[in-house]
Amino acid sequence: MRHHVWRVDGTEADASAGRVEWSPAKSIWNTSMLAAALVLAPLTATPAAILVFAVLTYTTLLLGHSVGMHRYLIHRTFETNPWLARLLIYLGVLVGMAGPYGILRIHDTRDWAQRQLDCHDFFSHRRGLLVDALWQLHCRFAFDRPPAFRIEADLLADPWLKAMERTWMLHQVPLAIALYLAGGWGWVAWGVFARVSVSVAGHWIVTYYCHNPGPGRWWVEGAGVQAANLPGWGLLTLGECWHNNHHAFPESARMGLEPHELDPGYWVIERLQRAGLAWNVGAPRAEMLQDDIHPVEYIHGTERISSAA
């Protein structure tokens, strides 16, 4: 059986009953960033500003979101020194999606819902691309019977994490000041507004396609949503595209399990481990503990247990 790493108790909950509601804070934040990017980025485009955008986007998503928020904070797939953990999480805050507690709630609630036999389309991403974009970037889900959500005591007691949760939007300001002093308004337009908009939209679209039928090697028993791998997108998605692998082995720091499955997020963790800065790095659990998953083939979106099962 897989190691339980999420924080949701759905004993009395229903993952399918509820309604999609407008989320003012989320909607205003995402709309403001996008509007500023669309207005200012074309007017201030220079090779240097675009390079700043590319470097900051990839770095914050790789070190901050994939390694810091997802593999470290959410799934606890490795341990590290407190100063490095805080640096990685801070870079994740700079991505501009949520604070540390918020990202835990968003991820674990969705993960719990998808592992039920039936869940609302808000969590399964079964609706069309435009509807899902509207829902995920501007709305929240109001459960009729919500699950209980509990964050670990050590995380809740951390004053630094509390501060990050309260102020996560504000941390674009010191970054913007630094970028302005270094390169003017063009660096701000591309390094803050364009970067946050692309990061949030990019995260959503990878999530959308990774939770719709597609290539995969594992079938998770009892789950209404079976994740897909997206071959060929490892470098661009930091290894997060190997999502079928990840749903089968959430305890593993490595998502690209085969040599051809490129996984930059794991490369970072591997190098940290070699430098003595990461330890207790999670790996896929032993075969004797894989009773909740089966080898599987996806044929045009239809699941079929393979002969290897």
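The present account deals with the structure reproduced in this document. (Residues numbered from 1 in each chain as written. Predicted model: local features only at pLDDT ≥ 70, side-chain atom pairs only at ≥ 80, totals over all residues. Heavy atoms only, no water.)

1. Some words on empty space enclosed by the protein
Stated formally: Think of a 1 Å grid over just the protein atoms. A cavity is a set of points where a 1.4 Å probe fits yet cannot get out, a pocket is an open set with protein on both sides within 12 Å along at least five of seven lines, and lining residues have an atom within 4 Å of a point. Grid points are joined across faces, edges and corners, and a volume is the space filled by probe spheres set on the points. Counting from the N terminus, the helices are DSSP H or I runs at least four residues long and the strands are E runs at least two residues long.
Applying the stated rule across the entire model yields 1 cavity of 30 Å³ or more. Estimates place the volume of the largest cavity at around 70 Å³. Lining the largest cavity, in full, are His75, His107, Arg110, Asp111, Gln114, Arg115, His211, His243, His246, His247 and Pro250. Elements represented by at least two residues in the lining of the largest cavity include exactly α4 (100–114) and α12 (243–248).

2. Some points on the layout of surface pockets
Convention followed: By the convention adopted, Pro, Cys, Tyr, Trp, Phe, Met, Ile, Leu, Val and Ala count as nonpolar, Lys, Arg, Asp and Glu as charged, and the other residues, Gly among them, as polar.
The space that makes up the second largest pocket amounts to roughly 260 Å³. As for the second largest pocket, its lining consists of 15 residues, of which Tyr72, Pro82, Ala85, Leu155 and Asp158 are closest to the centre. Contributing elements (two or more residues each) for the lining of the second largest pocket: β3 (79–80), α3 (82–95), α7 (153–156) and α8 (159–167). The element that contributes the greatest number of residues to the lining of the second largest pocket is α3, accounting for 4 residues. Across the lining of the second largest pocket, the residue classes break down as 8 nonpolar, 2 polar and 5 charged.

3. Considerations on the pattern of salt bridges
Put simply, the rule reads: Definition used for salt bridges: Asp or Glu carboxyl oxygen within 4 Å of a side-chain nitrogen of Lys or Arg. Note on exposure labels: buried denotes an accessible area under 20% of the residue type's maximum, exposed denotes more than 50%, and partly exposed covers the range between, all computed with a 1.4 Å probe on protein chains only.
Evaluated as defined, the whole model comprises 20 salt bridges. With its nearest N and O atoms 2.6 Å apart, the salt bridge here joins Glu152 to Arg7. Of this pair, Glu152 sits in the loop between β5 (148–149) and α7 while Arg7 sits in the segment before β1 (8–9), placing them 145 residues apart in sequence. For Arg7, a relative accessible area of 6% gives the class buried. Across the pair Asp111 and Arg115 runs a salt bridge whose closest N-O atoms are separated by 3.1 Å. On the basis of relative accessible area, Asp111 is assigned to the buried category, the value being 7%. On the basis of relative accessibility, which here comes to 13%, the residue Arg115 falls in the buried class. Taken together, the shared-partner salt bridges connect Arg7, Arg76, Asp108, Glu152 and Asp154 into one network.

Distances and angles like these do not, on their own, reveal function.
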